[in-house]
Structure formats: structure tokens, C-alpha cells
Amino acid sequence: MPVETKTTCPYCGVGCGVIATVGDDGAVTVRGDPDHPSNYGRLCSKGSALAETIDLDGRILHPEIAGRQSTWDEALTLVAEKFSAAIAEHGPDSVAFYVSGQLLTEDYYVANKLMKGFVGAANIDTNSRLCMSSSVAGHRRAFGSDTVPGSYEDLELADLVVLAGSNLAWCHPVLYQRLAAAKARRPGLKVVVIDPRRTMTADIADLHLAIRPDTDVALFAGLFSHLVRSDAVDQNFVAAHTTGFAEAFAAAVSFPEALERTGLPAMQLREFYRLFTQSEKVVTCYSQGVNQSSSGTDKVNAILNCHLATGRIGRPGMGPFSLTGQPNAMGGREVGGLANMLAAHMALESAEDRDRVRRFWQTPTIAGRPGLKAVDLFQAVAEGRIKALWIMATNPVVSMPDAGAVEAAIRACPFVVVSDILKETDTARHAHVLLPSLGWGEKNGTVTNSERRISRQRDFLPAPGAARADWWQLAEVGRRMGFARAFAYERPAEIFAEHAALSAFENHGGRDFDIGAHAGIGSAAYDALGPFQWPQPAGRAEAETRFFAEGGFYHADGKARFVAVTPADADRTNAAYPFTLNTGRIRDQWHTMTRTGKSARLSAHIAEPFAELHPRDALEIGVAPAGLVEIESPLGRAVVRALVTDRQARGSLFAPMHWNDQYAAKARIDALVPPLTDRVSGQPASKNVAVAARPFKAAHYAFAVSQAKPEALDAAYWAIARAEGGWRMELAFDTAADDWAGWCRRTFALPEDIEPLGYADRQTGEIRLAFFDGPRLLAAFFLAKEPVAVARNWAIAELAAEHPDLRRRFSLVAGRPGADKPDPGATVCACFGVGINQIVAAVRGGCHGVEAIGAALNAGTNCGSCRGEIRGIIEGCLATAAE
Ligand SMILES: Nc1nc2c(c(=O)[nH]1)N[C@H]1C(S)=C(S)[C@@H](COP(=O)(O)OP(=O)(O)OC[C@H]3O[C@@H](n4cnc5c(=O)[nH]c(N)nc54)[C@H](O)[C@@H]3O)O[C@H]1N2
Ligand SMILES: Nc1nc2c(c(=O)[nH]1)N[C@H]1C(S)=C(S)[C@@H](COP(=O)(O)OP(=O)(O)OC[C@H]3O[C@@H](n4cnc5c(=O)[nH]c(N)nc54)[C@H](O)[C@@H]3O)O[C@H]1N2
Ligand code: SF4
Ligand SMILES: [Mo]
């Protein structure tokens, strides 16, 4: 009998409910949980492909010390000894944890307790520093607490949804679908997108404001003055529940200044201000275009100021809404995982809070001052001040700014522990002790999504090899460091119960985070726990879903603060580095690709690192569409494919953050990003980097498919991705090989006795080679002097196909599909593997709408993440036809 388990998606902060089914044959399938209030059954492309990313390929299955397999006891004892020795010799500030918003709340709670309560220092920071810390700082400045006041439902109830620095369509796809569906039902719902580039999200926007990079403060400070001048201020709310209005107004900017700084057309700016002023029900969502900035905290407060001034907060359909990125970014904030926070939303600065947590944990010590924030933490590692470092569930060698320096720091650190699920990540390869963690489907605990909803992640797979949960690893080290009683956990339910009890401990309504209703939870109730929103104090059954409609802020006087914000100059470019590099995400990859990179389906959407640039810029610097472009900052260099598009503003480039040294020769984009941070939050400014860009000229370009994964790729440029039945590669070479067949044999580990079918065109320099083992294609290689124009998806499909007759085999070296096998083109719909050529053909055949395409090809009918792209293709075809 197939067994079904209700769990939660491990990717983005939407926090969708998933039902995982393990069949009699052990095969896993996933579908959306129709009862989960985050997604009501929907999943996006990444969620739908979860089953393809849980194989054991590349997993670390046993602890390792210096690359040698060890027992758990040996590894844990060594970790405890090294940490204890460093503390004894150099003090508690000489050790550090760098953890992650992808830990479960239970893992996170134990890590924070061990560091702040027992090591007695606060050197625990997390990748949330790179992600949410400006929102946290902005919330705390305005509200006195890190509170997200609203719920997802508010996006559906609003008359105006403003998306600032959020590519919702790709990064929070199910929430985007909920918004798109609400807008389709009620076209009066307006959407404004604020983003320097025209993203897929802008597809449903009534207004897209392509502001200059980092000018959001000016935009919202200008809106603030406009609200005042338009008499849109809620005087009662401001008088009763806020302070600092006059100072904020004095600092607010005029319309002409907002216009000049943002670079927007006056009509657009006026239209945005009008919409915001006239719509009572406004939700402003913000994400990394706001947070990841040297003015990130000010951007957040500039937004909050507008909502406080109009009293549009905490009521249905209105409020500011910080979208959390990771599945448990919010849970991490609840346990106080940041170096400047304490557990259960208590303040590290407050002696009273410190004493309260100390008493609750029954420990003689507690961190007395904030620890090092991520960028400073790795700086301290580089300077030799950190003697022992534990990295858990994050890949800083890829994701930290100045990634090259971070890698060097980790390499030089005397003792590095890495807990990961994979053996070979850019970070794990530098570990002295590598600990195998349980991954999604194996681990057990809770996560909190963007709307404060706590859901269970449940295990439905056995632990692979000797892998153990992250909380267990931490607790075992805690015990071995001499804190046996405080870390005597047997199961996650006990940790959750303690976390819930701490949230309620001496909390008489003075702290927003209170889940005291679950303080005594036992294993059975924990196993059965359904999704719920906090707060949920003891004795109050009904959860409140919103904060602050009637004030009740968490500053001592109960009032919110307006923050006077002043726009700062944001242009970092100069003659040597004339472009602004913006970095972010693509639809089908997750961060450093350690999981999504395993799925052929997800890798088919965009299989190569790239940079978007405007056609005029491309022309000026001599980069051809689909050519290679070299991007350089004072810190590093990357080589990626040029994606020439007018979605990108002039003078700026956009490159994804995902590619790492496992998947490309030189595309670790954070190697270029300087460690410049927001002065309040310490969050890096990952979206505004001055760079130079120039064509990367190669003598030869190639595309290859292979059943076996190459050990190494000897090429000036390479990018490799999973493909159905094997691997696909984009390559470029500085010089010609003497013997390309020999190059292929070495690279693809082909038997010497297999002769390739070949084709070479002396005139054009084109070479095509196909290696067959009987009817099976082992590898194919297409080389040209220009970027290769072979039909990629067709060539990949040949890997899995049977080739009984010779003619069919020859069609491969002809480099184009036979008439019987049309080329589907680049994948648009990942769920059904539908390519662009198929969609174009269907449009030509009369399907003139997204629904019609869905009916004909299924494309866009499962997760819906590609519907924007499909609409774009239809419009493109119809426009061309009309010319
Ligand atoms: N597919 C996918 N989804 C994800 C993730 C993933 O890796 N892949 N990661 C998750 C995580 S951890 C996070 S934090 C979220 C991030 O989700 P988002 O914040 O939506 O994603 P990003 O692509 O980082 O950045 C959003 C947009 O900010 C814009 N931007 C850049 N500079 C500015 C500016 O100065 N002002 C404004 N207004 N906008 C600007 C960028 O052009 C970009 O389109 O996504 C989550 N979801
Ligand atoms: N330039 C630039 N840089 C950025 C960003 C950007 O927009 N631009 N965004 C930033 C943001 S918002 C974020 S959130 C970060 C994300 O950056 P990272 O956190 O570094 O990215 P991930 O790839 O998610 O890393 C998670 C690691 O944990 C491992 N892992 C998975 N599951 C488990 C588990 O259960 N236990 C353990 N122990 N390990 C596990 C994975 O294999 C992987 O190695 O990147 C930041 N860096
Ligand atoms: S939107 Fe997609 S990635 Fe995010 S939680 Fe839902 S299924 Fe997972
Ligand atoms: Mo993030």
C-alpha cells in the first residue's frame, strides 16, 4: 500500500504543504496538499520536482575527519574538544557558528542555545543576514519587534499590491499564482512592480516602475510627502499609535527630487502616487531588491512610514509585507539565530531579557553583547581570530560576498566543521570534519513561512547511511562539551515544546512571538500538528492573523516609530567599472544548486549561467547575442552567456547567484560582489556592484551531451547541467585540440575501440562527432567557430533514444532533427517538458491564449510558473504575424 505523508516544501518562504507518497516499489511522488492554507494544493516547478532531487547521488553518508571515514563518536568528540580547547585558550569569542534559514526550527533552537547560552558568546550568524536582516532591523526600528503584521490572504483582499524588489513570479511562485488568480477574478486589483529590470512578475503589473538601482528610499520618501500633501494621512492613527512623524516628514523628499533620483517618467511616478493615495487597501510586499542594499534598512522604513502614516496596517487587505526567502527564515528569527538577537524575539541588548533567557535555560552564562555579523564573521576568520568554525546548511563559498576571500578564510581556519547533505560542495571540500545531515524527507521538525505559519516537515524516507539530524549533531556536541542536562533531547518534539515554553515564559503580552499553547506538546500531538499561525498563546484557541490594526506596538510606550530616512547616492559605477551588476534568482534553480541541480527537468529551463544586458550595451561593447561575456569587478571575474534583452535597463547587467564551481568554470558571481553592507543591518549589498563587461572571445564553441559525467572539463569556458539520460555541456576553447575525437574520449570516458560517426566542414570549421555503443548514444559533440546552433533538446533526447538504424545515427551528426523528430526548442514548461518551438507551432496553429496552449500541449497547466513566459511567446508570435 502506498504511504502518504503530509509535509512542507523545503524551498521558498511561501511554505507550501506537500503530500509525499512512497509507493510499494519505494518510488516517491509529490503533490500539493489541498488542505494546506499556504497553497491549497498548488506547487511550483521546484516543488513539483522534489522527488527528482532526493536520490542519494553525491550524498555524504558517514562522518569524515580529514577526508577519512570515521565513527560519529570520534567526529563529535573531536568537534567538542576543538571547540572547548579554543574557548579555554582564546575565550568564547574565538569560536563561531554560521547557520541557515534552511535549518528546521528545532535545529536552529539548539544551535542558538548552545552558542548564546552555554558557550556564552553570540558568534552565531546565519545566511539570513544576507537575506532578511534589513527587514528585521527595519521592523525593530519601527515596531519595536520583528513582526510581519499580515497574511497571504491580504494580497488577495487588497485593491493595490505593490511588489518592491520582488520577483514574485519566480521566487514565490505559488503566492504569485494566488495574486494572479485574485486579479483575474477581480480586475480592479492593481499591481505595481518596482524593479530596475522587467521581470516575469512585471507581466501582471498594471504599472512597472523601472527605477534606477537603489533609489527606493527616494521613491517612498517622495510618496510620504505626497501622502501628506494629499491629505491621505490617518491623523487619528498617527496621533494615537506613533511618534516621529514630524521628523520623518521633514526628511521626506519632494516630487522633483524623487523624479530625478529614480529616473522615472513623471507620468509613471504620478500614477503610482495616485494609486497608492487612493487605494485604502494596499499591501506592499518587499524582498531582496529592498533588503540586499547598503540602504536596505532605510528602504524598509521608508515603506513602513507610508503604511504607518495612512494607518494601513494589520487590517484585511492592507499592510507592509516582508516576503521571507528561505523555508525557515522566519523560524530562525523566532529562535534568535542572528548574532544580534536573542531567543523567542527577546533582545540581546536588554539585561532583563538576557537574564530571563539565562534563567529559563538554567545556565550560568549568557552572551552579553552582539556577536559578529556574517561579513564581519568571515573577516574575523580571515584574520585568524576564529579558531573553530561550524558551518551548517549553507554554502558560503558560493553565496557570501567576496566569495574568493571567504573561501581563503575558511581554508586558513584552524578547524572547520561542515554539516551538509552533499559531500562535494564548494564549502564542504574545505571541512576538517564533515558531518552527514538528514535532508528533506528524512528530517523531522517545523518551519515558519512568510505569514508566520508554522508547519511540520515530516520524514517519509529512512535515514541514508549514518546521516543524522542537525539538532542531534549539535546536542551531542553540547553534551560532550559538558552541558549534558541542557542538551538531553531525544526527539524534535521535546525541543519544540521547550521553544514554545520559552516563547511564553514571563511573556505577559510584552512579546509578539508567543506560541505558549504548544508549550507542553507531546510526541503524538507534535506528530499530528497541523499548520497554524502565530501568535498562539496558551488558553487562546483562535489564532490572531494580523498585528497592529489598533496599535499595540512593542516599543516600551506601545507606539510605532516613524524613521527619518534620507536617500543616499547609489551610483557606484566609474570609468573603469561602468556597469551596475544586479544579481538574483531564476525560476527553476535554488541557490547554490546542490539540490535543484540534480533535476534534469529543472535544469532544462536555463541550463547555463548568463548575464542579461540591454541590446544597445551589447552592441557598444561588442557582445553578440548568445556570445560569451566576461564580467569583472576589482574582486573577481566571471564568464557567462550573454542574454541580450530589452527587459534589462541600459547600463546594468543581471546575473544569477546560483552557479558554482561544480556546474561552471567561472560563474561564482559572489566572487565579484564586494563585502559592502547596510550600516544598520549588516546585510550585504548584493544587487548593486560596479563591474566592467567585455566579450569573451573563444576560438571554438561547442555543445556536448554525454551519458557519463565528465571528471573534468578541459576548456576555457564550460557549464554542465543534468539532462534526461546524462549530462549536457556548453563549452568554449581558446585553441583547437589536435584531435577532437581524442578530447571527447578522454573527457567522456569513452572506450578506445569506439569510432565516432563524424562530420567535418573544412570551410566553416564545424565538427560533429557522435559515439555509439550499438544502438545507444554515449556522447555527441558539436563544435563551431561561433556559438553552436544545434537543437539542444533534440540532441539530449537522442541520449535516451534507441538508434537501431544507421540513418538515424547519421542524423545526429547532421546536427539537426530529422523530419520525424521535430526540435522542441528550449524548455519553457518544466512540468511537461514543453519547448518554445512547440508553443510557437501551436500559436501558428491557432492557439492564441495561455489557456488554449494549455489545452493543446498541457504547458502551463500544472504549476503555472511558466504562464508568463507562454504569454510572452504568444504575444511575440502574434506581433510578428501582424507586421
Ligand atoms: N526560484 C527560486 N526561488 C527562490 C529562491 C531561489 O534560489 N530560487 N530563493 C529564495 C530566497 S532565500 C529568497 S531571499 C527569495 C528572494 O526573492 P526575490 O527577492 O524576489 O529575488 P531576487 O531575484 O533576489 O531579487 C528580486 C528583484 O530585486 C530586483 N532589484 C535589484 N535591485 C533593486 C533595487 O534597487 N530596487 C528594487 N526595487 N528592486 C531591485 C532584481 O532585479 C530582482 O528582480 O527567493 C526565494 N525563492
Ligand atoms: N550575489 C548574491 N548572493 C546572494 C544572494 C543574492 O541574491 N545575490 N542571495 C543571498 C540569500 S537571500 C541567501 S538566502 C543565500 C543562500 O545561500 P546558501 O545558504 O549558501 O545556499 P544553499 O544552496 O541553499 O545552501 C544550503 C546548503 O545546505 C545543504 N543542505 C540542504 N539541506 C540540508 C540539511 O537539511 N541540513 C544540512 N546541514 N545541510 C543541508 C545544501 O546541500 C547546501 O550546501 O545566498 C545569498 N547570496
Ligand atoms: S512556491 Fe514552490 S518553492 Fe515555494 S514553497 Fe511553494 S512549491 Fe515550494
Ligand atoms: Mo534568501
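Here the structure is a predicted model, which means the values were calculated and not measured.

**Describing the UniProt feature "domain: 4Fe-4S Mo/W bis-MGD-type" (unreviewed entry) in the protein chain**
Residues annotated in UniProt with the feature "domain: 4Fe-4S Mo/W bis-MGD-type" (unreviewed entry) correspond here to residues 2-58. Summarising residues 2-58: 7% helix, 30% strand, and an end-to-end C-alpha distance of 27 Å.

**Concerning helix 3 (residues 105-119)**
Compared with an ideal rise of 1.5 Å per residue, which puts 15 residues at 21 Å, helix 3 spans 20 Å between its outermost C-alpha atoms and is within 8% of the ideal. In terms of residue burial, helix 3 counts as a mostly covered element, since 15 of its 15 residues are buried. A positive backbone phi angle near 85° is found at Gly120, which sits one or two residues after helix 3.

**Focus on the nonpolar core**
In this structure, Leu731, Phe733, Trp743 and Phe781 are the most contacted members of the largest nonpolar core, which totals 125 residues. With sequence-adjacent residues up to four places away left out, Trp743 is seen in contact with Leu713, Asp714, Leu731, Phe733, Phe748 and Phe781. In this structure, Leu219, Met346, Trp471 and Ala497 belong to the second largest nonpolar core, which totals 119 residues.

**Considerations on the site of ligand 2**
The full set close to ligand 2 counts 31 residues, and Gln102, Ser399, Asp420, Thr592 and Asp670 are the nearest of them. Ser437 is positioned such that a nitrogen or oxygen atom in its side chain is 3.1 Å from a nitrogen atom of ligand 2. Within the contact set of ligand 2, a nitrogen atom lies 3.0 Å away from a side-chain nitrogen or oxygen of Arg585. Summarising the interface, the protein chains cover 99% of the accessible area of ligand 2, which totals 920 Å² for the free molecule. Taken together, the residues of the shell around ligand 2 break down into eight nonpolar, 16 polar and seven charged. Two domains each put at least three residues into the shell around ligand 2: domain 2 (64-129 + 328-505 + 513-533) and domain 4 (579-597 + 604-695).

**Looking at the pairing of strand 12 (residues 282-286)**
The two faces of a sheet get side chains in turn, since along a regular strand they alternate between them. The buried fraction of strand 12 amounts to five of the five residues, a majority that puts the element mostly inside the structure. Two strands pair when backbone bridges link them, and strand 8 (residues 160-164) and strand 12 are joined in this way by five bridges, in the parallel orientation. Note on strand 12: the bridge partner recorded for Leu163 is Cys285.

**A few points about the packing of helix 8 (residues 216-229) against helix 12 (residues 266-278)**
Axis separation between helix 8 and helix 12 bottoms out at 10 Å; the angle between their running directions is 55°. What the angle tells us is that helix 8 and helix 12 run oblique. Regarding helix 8 and helix 12, the two cross each other, and that crossing is right-handed. On helix 12, the residues that touch Ala218, Leu219, Phe220, Gly222, Leu223, His226 and Leu227 of helix 8 are Leu269, Phe272, Tyr273, Arg274, Phe276 and Thr277. Partitioned by chemical class, the residues of the contact of helix 8 with helix 12 number nine nonpolar, three polar and one charged.

**Brief notes about the pattern of salt bridges**
Counted under the stated rule, the structure contains 62 salt bridges. Here Arg480 makes a salt bridge to Asp73, at a shortest N to O gap of 2.5 Å. With Arg480 in helix 20 (residues 470-480) and Asp73 in helix 2 (residues 72-90), this residue pair connects regions lying 407 residues apart in the sequence. Arg480 gets classed as partly exposed once you look at its relative accessible area, which sits at 30%.

Cut-offs and rules
- Residues numbered from 1 in each chain as written.
- Chains lettered and ligands numbered in written order.
- Predicted model: local features only at pLDDT ≥ 70, side-chain atom pairs only at ≥ 80, totals over all residues.
- Heavy atoms only, no water.
- UniProt positions renumbered as here; feature names shortened; annotations may be inferred.
- Helix = DSSP H or I, 4+ residues; strand = E, 2+ residues; numbered from the N terminus.
- Expected span 1.5 Å × (residues − 1).
- Buried < 20%, exposed > 50% of the residue type's maximum accessible area, 1.4 Å probe, protein only.
- Core = buried A, V, L, I, M, F, W, Y, C linked by side-chain atoms within 4.5 Å.
- Contact = heavy atoms within 4.5 Å.
- Near = heavy atom within 4 Å.
- Polar contact = N/O pair within 3.5 Å; in protein donor to acceptor, adjacent residues only side chain to side chain.
- Areas by Shrake-Rupley, 256 points an atom, 1.4 Å probe, with all protein chains shown as cover.
- Nonpolar A, V, L, I, M, F, W, Y, C, P; charged D, E, K, R; others polar.
- Domains from an automatic or database assignment.
- Pairing = 2+ DSSP bridges.
- Axes fitted to C-alpha atoms, helices over the stretch in contact; angles between N-to-C directions.
- Parallel < 35°, antiparallel > 145°, perpendicular 65-115°, else oblique.
- Left-handed = near helix turned anticlockwise from the far one by under 90°.
- Salt bridge = Lys/Arg side-chain N within 4 Å of Asp/Glu carboxyl O.

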